[in-house]
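Fold and geometry: a report
As a plain string of letters, each chain reads:
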Amino acid sequence: MGSSLTNMLYGILLFVRWAGLILIAIVGIGVLISEAVKERLSPGKMLAVAGSAILAGVLIWVLPTLINYSRAEVGTVIPDRPVGGY
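Counting restarts for each chain: residues are numbered from 1 in the order of the written sequence. Per-residue local features are limited, in this predicted model, to residues with pLDDT of at least 70; the limit for side-chain atom pairs, both in listing and counting, is 80 or more; totals at the level of whole chains, interfaces and linings are taken over all residues. To obtain the side-chain values, all non-hydrogen atoms of the structure were included, while hydrogens and water were left out.

What about the overall build of the chain?
Heads up, the rule is: Counting from the N terminus, the helices are DSSP H or I runs at least four residues long and the strands are E runs at least two residues long. Think of it in three bands: residues with accessible area under 20% of the maximum for their type are buried, residues over 50% are exposed, and the middle band is partly exposed, with areas taken using a 1.4 Å probe on protein chains only. Using a 1.4 Å probe, the Shrake-Rupley method yields the accessible areas, and only the shown protein chains count as cover for residues.
Check the secondary structure of the chain and you find two helices and zero strands. Within the chain, buried positions represent 8% of all 86 residues. By element, 74% of the accessible surface of the chain is carried by carbon and sulfur atoms, the whole surface being about 7200 Å².

Here you go:
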């Protein structure tokens, strides 16, 4: 289907996505544990940390796709002409 470079870049993209999700999960669990050790962990703080980790994970997963869509659609928003040219 695609070239070798395309397959390699897609593999790198998947690796970065999964590595980012795993890193966010580790950091989120670490923050929960550190907050629990410092003081009693209230349900509000727990939900805030979990919600932040989930939001960060979703952004890590969706951001490359959004960048690709914006790159593909930039010609309709900003015409591909030199400044001052017609």
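Comments concerning the packing of aromatic side chains
To keep it simple, the criterion reads: Between rings of Phe, Tyr and Trp, where Trp is taken as its six-membered ring, a pair exists when centres lie within 6.5 Å; planes separated by under 30 degrees are stacked, by over 60 edge-to-face, and by other angles tilted. In this analysis the charged atom, NZ for Lys or CZ for Arg, is taken to sit over a ring once it is within 6 Å of the ring centre and within 35 degrees of the ring normal.
Tallying each qualifying case throughout the model produces one aromatic pair. Its end group placed over the ring of W61, R17 keeps NZ or CZ at 4.8 Å from the ring centre.

Here's the deal with the side chain of R17
Rules: Polar contact criterion, stated in full: a pair of N or O atoms within 3.5 Å, where within protein one must be able to donate a hydrogen and the other to accept it, and residues adjacent in sequence count only if both atoms are side-chain atoms.
The residue R17 is located in helix α1 (residues 4-38) in this model. Within the structure, the side chain of R17 is placed 2.9 Å from the side chain of T65, a separation counted as a polar contact.

Structural notes on the UniProt feature "transmembrane region" (unreviewed entry) in the chain
Rules: UniProt positions are given in the numbering used here, feature names are shortened, and annotations may be inferred rather than shown by experiment.
Using the residue numbers shown here, the UniProt feature "transmembrane region" (unreviewed entry) corresponds to residues 12-34 and 46-67. As annotated, residues 12-34 comprises 100% helix and 0% strand, and the C-alpha atoms at either end are separated by 32 Å. Taken as a whole, residues 46-67 contains 100% helix and 0% strand, while its terminal C-alpha atoms sit 31 Å from one another.

Considering α1
Short version of the rule: Take the number of residues in a helix, subtract one, and multiply by 1.5 Å to get its expected span.
Helix length check: α1 (35 residues) gives 51 Å between terminal C-alpha atoms against 51 Å at 1.5 Å per residue, within 8%. Taken together, the buried positions of α1 are R17, G20, I24, G28 and E35.

With respect to a nonpolar patch on the surface
Operational definition: Two joining distances apply to patches: 9 Å for like charges and 5 Å for nonpolar side chains (Val, Leu, Ile, Met, Phe, Trp, Tyr), and every residue must have over 30% relative accessible area and no salt bridge. Basic side-chain nitrogens of Lys or Arg form a salt bridge, by our definition, when they fall within 4 Å of a carboxyl oxygen of Asp or Glu.
Taken together, W18, I22, I26, I54, V58, W61, V62, L63, L66, I67 and Y69 make up a surface patch of nonpolar side chains, about 1100 Å² in accessible area. Elements that contribute at least two residues to the nonpolar patch include exactly α1 and α2 (43-77). Per element, the largest residue contribution to the nonpolar patch is eight residues, and it comes from α2. Tracing the chain through its elements places V62 in helix α2.

Some words on the environment of I60
How we decide: The contact criterion used is simple: two residues touch if any of their non-hydrogen atoms lie within 4.5 Å.
For I60, the position within the fold is in helix α2. A residue is classified by how much of its surface remains accessible, and I60, at 34% relative accessible area, is partly exposed. Separated by 40 residues in the primary sequence, I60 and G20 have C-alpha atoms spaced 6.6 Å apart. Those residues in contact with I60 that lie beyond four places of it in its chain are R17, G20, L21 and I24.

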